[in-house]
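# Summary of structural features
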Amino acid sequence: MSKQRVLTGITTSGAPHLGNYVGAIRPAVEASLSGEFDSFFFLADYHALIKCQDPDIVHQSTLEIAAAWLALGLDPTTVTFYRQSDIPEIPELTWLLTCMTAKGLVNRAHAYKSAVQSNEENGDDSDLGINMGLFSYPILMAADILMFNAHKIPVGRDQIQHIEMARDIAQRFNHHYGEHFVLPVAQVDKEMAILQGLDGRKMSKSYGNTIPLFSSEKKLKKHINKIKTNLLEPGEPKNADDSAVFQIWQAFATAEQTAEMRDAFGNGIAWGEAKKQLFELVNKQLEEPREKYMDLIANPGEVEAILRQGATKARLHSTELMMSLRQAVGLRRLG
Ligand code: TRP
């Protein structure tokens, strides 16, 4: 039997951050190294255009996120690692799926609904600032997944709805045109699905609360010092479970180190001291990949060549599937 396919992408709209690492890159690289799966990892640069219309940021972020994957141990010879926009079959499939997607389904997407809701709360037109990309986002994401018939999609909890929509869309397509797609399942690590950011909300580019993965040591320290804490003094017991400092600690520490830090919180460790230890823990793990990362950033041609090879590999699948889908929907040669 062939291996289960695992697929995940990261949107290229900013610098890679600790949340990308803990939530996507680390588990994905670990799964790929286990040899148990057939892995597809990609840079979601079409998705980036929805929120980021600064071409230089999209371009730079693509390099940075690709370099981050590679620096953190991704082996492009054993996985399929590519850039979404190198696969022209993706937007083509998006259209076929769009025509099989109920508008009512997409109306319910959280990202779109919350944009409408905040417009309404502000007394603005409900569509203010909302482009069709944001509305259609789940369909593009469904195309990413269904194109490669991926079974498992490791994502943060906030993305579960999108995977469910991809299933719905696949089911409807299969029902109408015959069995073409595998039904994907979201894979969410319950303990560590979403890392908190500087302000305690989900660490996300959209909130501007991220800690960059590969800034200088000095900047990493500065960011860690900015994590929001309460006003409890040294010596006063602190609650580990509502602290972003503790949560990030937990994401990098062994079980034993986590238990020790939990005790230290109970015993009133000073915020300054907890942050100092957090910096040391995180920095030690990032030191070596940081060097590789800097090296790759200085050699964008090398990254480009790796992505081109990945696209060639990915397109072996996508061109073949697209050919049969075109047949299936009636886009056929005449005569
Ligand atoms: N929407 C995802 C995010 O913002 C990124 C993404 C795009 C993705 N396409 C995907 C993730 C397909 C998994 C599968 O995190």
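Residues numbered from 1 in each chain as written. Predicted model: local features only at pLDDT ≥ 70, side-chain atom pairs only at ≥ 80, totals over all residues. Heavy atoms only, no water.

Glancing now at a negative patch on the surface. On the surface, Glu-287, Glu-288, Glu-291, Asp-295 and Glu-302 cluster together into a patch of negative charge. Top element by residues in the negative patch is helix α12 (residues 271-297). It accounts for four residues. By secondary structure assignment, the location of Glu-287 is in helix α12. Judged by its relative accessible area of 38%, Glu-287 is partly exposed. (Patch = residues over 30% accessible without salt bridge, like charges linked within 9 Å, V, L, I, M, F, W, Y side chains within 5 Å. Areas by Shrake-Rupley, 256 points an atom, 1.4 Å probe, with all protein chains shown as cover. Salt bridge = Lys/Arg side-chain N within 4 Å of Asp/Glu carboxyl O. Lys, Arg positive; Asp, Glu negative; His and termini not counted. Charge placed at Lys NZ, Arg CZ, Asp CG, Glu CD. Helix = DSSP H or I, 4+ residues; strand = E, 2+ residues; numbered from the N terminus. Buried < 20%, exposed > 50% of the residue type's maximum accessible area, 1.4 Å probe, protein only.)

With that settled, consider the packing of helix α1 (residues 18-33) against helix α10 (residues 244-252). In the contact formed by α1 and α10, the axes pass within 11 Å of each other and the chain directions differ by 40°. Crossing angle aside, the handedness with which α1 passes α10 is left-handed. Residues Leu-18, Tyr-21, Val-22 and Arg-26 of α1 form the contact with α10, whose participating residues are Ile-248, Ala-251 and Phe-252. (Axes fitted to C-alpha atoms, helices over the stretch in contact; angles between N-to-C directions. Left-handed = near helix turned anticlockwise from the far one by under 90°. Contact = heavy atoms within 4.5 Å.)

Attention now moves to the site of the ligand. Around the ligand, 14 residues are found, and the nearest of them are His-47, Tyr-137, Met-141, Asp-144 and Gln-159. Between Tyr-137 and the ligand, the recorded distance is 2.5 Å, taken from a side-chain N or O atom to a nitrogen atom. One nitrogen or oxygen atom from the side chain of Gln-159 is found 3.2 Å from a nitrogen atom belonging to the ligand. Taking 370 Å² as the accessible area of the ligand by itself, protein coverage stands at 88%. Here the shell around the ligand is composed, by residue class, of eight nonpolar, five polar and one charged. (Near = heavy atom within 4 Å. Polar contact = N/O pair within 3.5 Å; in protein donor to acceptor, adjacent residues only side chain to side chain. Nonpolar A, V, L, I, M, F, W, Y, C, P; charged D, E, K, R; others polar.)

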